[in-house]
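# Analysis of the macromolecular model
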Amino acid sequence: MYNVPKRPFYASISGKGGTGKTVLTALLLRVLLEASINDEVLIVDADPATNLPQVLGIPINKTIGDVAEEFRRGFQKLDNLGFEKSALLEYYIMRDCIVEMDRFDFIAMGRGEGEGCYCYVNAVLSGILGKLVQHYSVVLMDMEAGLEHLNRRLDRHVNTFIIVVDNSLMSLKTAEKIKEIIREVNLKIDEIYVVGNRLSSKREEDIVKWASQNKLKYAGTIPEDKCIAEHAATGTPLLNIPSNSEALKAAYQIAKNINLI
Ligand SMILES: Nc1ncnc2c1ncn2[C@@H]1O[C@H](COP(=O)(O)OP(=O)(O)OP(=O)(O)O)[C@@H](O)[C@H]1O
Ligand SMILES: [Mg+2]
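Residue positions are given per chain, counting from 1 as you read along its sequence in written order. Throughout, the order in which chains and ligands are written sets their labels, letters from A for the former and numbers from 1 for the latter. The model is predicted, so local features are restricted to residues of pLDDT at least 70 and side-chain atom pairs to those at 80 or more, both for listing and for counting; the totals for chains, interfaces and linings are taken over all residues.

## Side note on helix H10 (residues 246–257)
In a regular helix each residue adds 1.5 Å, so twelve residues correspond to 16 Å; H10 covers 17 Å between its end C-alpha atoms and thus fits that length. Those residues of H10 that fall on the buried side of the exposure criterion are Ala247, Leu248, Ala250, Ala251, Tyr252, Ile254 and Ala255. By definition, residues are in contact whenever their C-beta atoms, placed on the basis of the backbone, come within 7 Å of each other. Labels follow the DSSP assignment, with helices taken as runs of H or I lasting at least four residues and strands as runs of E lasting at least two, numbered in each case from the N terminus. Summarising the contacts, the buried residues of H10 are in contact with helix H1 (21–34), strand S7 (191–197), strand S8 (217–222) and helix H9 (226–234). Given the number of residues in a helix, its expected span is that number minus one, multiplied by 1.5 Å. Counting other C-beta atoms within 10 Å of a residue's own tells you its class, since 20 or more makes it buried, 12 or fewer makes it exposed, and anything in between is partly exposed; those C-beta atoms are placed from the backbone.

Structural data, given as structure tokens:
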């Protein structure tokens, strides 16, 4: 029985800090590009730290935070102009922030400056994301660590959660809280998956059990991989990871398990 990729596939890749969210986003993108499915793909770096462009080797011009900040400064005195400011802001973001790569598009959220601006950037991103995702069949969002993105409503445009956990108990607690908040804020999510990263074999068994007890679907484990460490050390794009990498093979199986390919 073949997996039938479910579309649209809009995923939030979340979890505790440092568990491997950005690495998983990069690996899943590589798998998707190799699977040669005719998808319109958007990759969103929703972490204000903006690590994903470096990890993927994508030259970015401006983040949404940059544009929103410029806009806010330039237009704050022009309240009575009588035109739709949000339409203009949207135009600038489409023009300056979307990077068109060969087979996918990319956008980075970045951050605003000063107090309160971060919320403003999130409000802008969330509004624009809602419109933007409609043009794509697959959207992968590399989230900020922890739970804040749920409060900022960035996840309301996704139908799938992929929560990354590692050997730490704290990463499991974060996953449980994410699930709880999804229910509390009434997000309409089709599936919540868990992916283990760099688990010891003893720990993997426990985590598979924990996932089933918490009604989370365990999608697979990415092993510790020296190719990833090498890419991190040298800064070469993870998209070029060798085909025989164990982590990439695991990501391929995970992509199948979650109906991405
Ligand atoms: N399977 C792996 N094998 C080897 N190194 C890994 C693996 N997974 C992650 N790493 C390394 O661990 C570090 C953290 O990974 P990553 O940046 O993907 O985590 P993250 O969850 O996105 O972190 P943050 O919460 O800061 O965004 C990186 O240096 C990455 O290269
Ligand atoms: Mg990250």
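## With respect to the site of ligand 1
Around ligand 1, the surrounding shell holds 18 residues, and the nearest of these are Lys21, Thr22, Val23, Ala145 and Ala232. Amino acids are sorted into nonpolar (Ala, Val, Leu, Ile, Met, Phe, Trp, Tyr, Cys and Pro), charged (Asp, Glu, Lys and Arg) and polar (every other residue, Gly among them). The residue inventory of the shell around ligand 1, partitioned by class, reads seven nonpolar, six polar and five charged. Any residue whose C-beta atom, as placed from the backbone, lies within 6 Å of a molecule or strand is termed near it.

## Here's the deal with helix H7 (residues 169–184)
Taking 1.5 Å of rise per residue, 16 residues should cover 22 Å, and H7 covers 23 Å from first to last C-alpha, within 8% of that figure. Of the positions making up H7, those classed as buried are Ser171, Leu172, Thr174, Ala175 and Ile178. Taken around the axis of H7, the buried residues stretch over an arc of 160°, which confines them to a single face. Opposite the packed face of H7, turned more than 90 degrees from it, sit the exposed residues Leu169, Lys173, Arg183 and Glu184. On the buried face of H7, the contacting elements are strand S1 (9–15), helix H6 (148–151), strand S6 (160–165), S7 and helix H8 (201–213). The positive-phi residue at the C-terminal boundary of H7 is asparagine 186, with phi of around 60°. The arc refers to the directions leading from the helix axis to the C-beta atoms.

## Quick notes on the sheet that holds S6
At least two DSSP bridges between two strands are required for those strands to pair. Here we have eight strands laid out as an open sheet, ordered S3-S4-S2-S5-S1-S6-S7-S8, and mixed in their pairing. Two strands in the sheet have a free side with no partner beyond their single neighbour: strand S3 (99–100) and S8. As judged from the five bridges shared by S1 and strand S5 (residues 138–142), these two strands associate in the parallel manner. What sits directly across from tyrosine 10, in S5, is valine 139. Most of the contacts of H1 go to S5, to which it runs at about 160°, and overall it touches S1, strand S2 (41–45), S5, S6, S7 and S8. Along the sheet, H7 contacts S1, S6 and S7; its crossing angle with S6, the most-contacted strand, is approximately 160°. Geometry is summarised by axes, namely lines fitted to C-alpha atoms with helices restricted to the contacting stretch, and by angles between N-to-C directions that run from 0 to 180 degrees.

## Description of the nonpolar core
In terms of nonpolar packing, the biggest core is built from 74 residues, with Leu27, Leu28, Ala251 and Ala255 touching the most fellow members. Considering every element that reaches this core, the biggest residue donor is H1, with eight residues. When neighbours within four sequence positions are excluded, leucine 27 is seen to be in contact with Ile222, Ala247, Leu248 and Ala251. By our criterion, buried Ala, Val, Leu, Ile, Met, Phe, Trp, Tyr and Cys residues that link up through C-beta atoms within 7 Å make up a nonpolar core.

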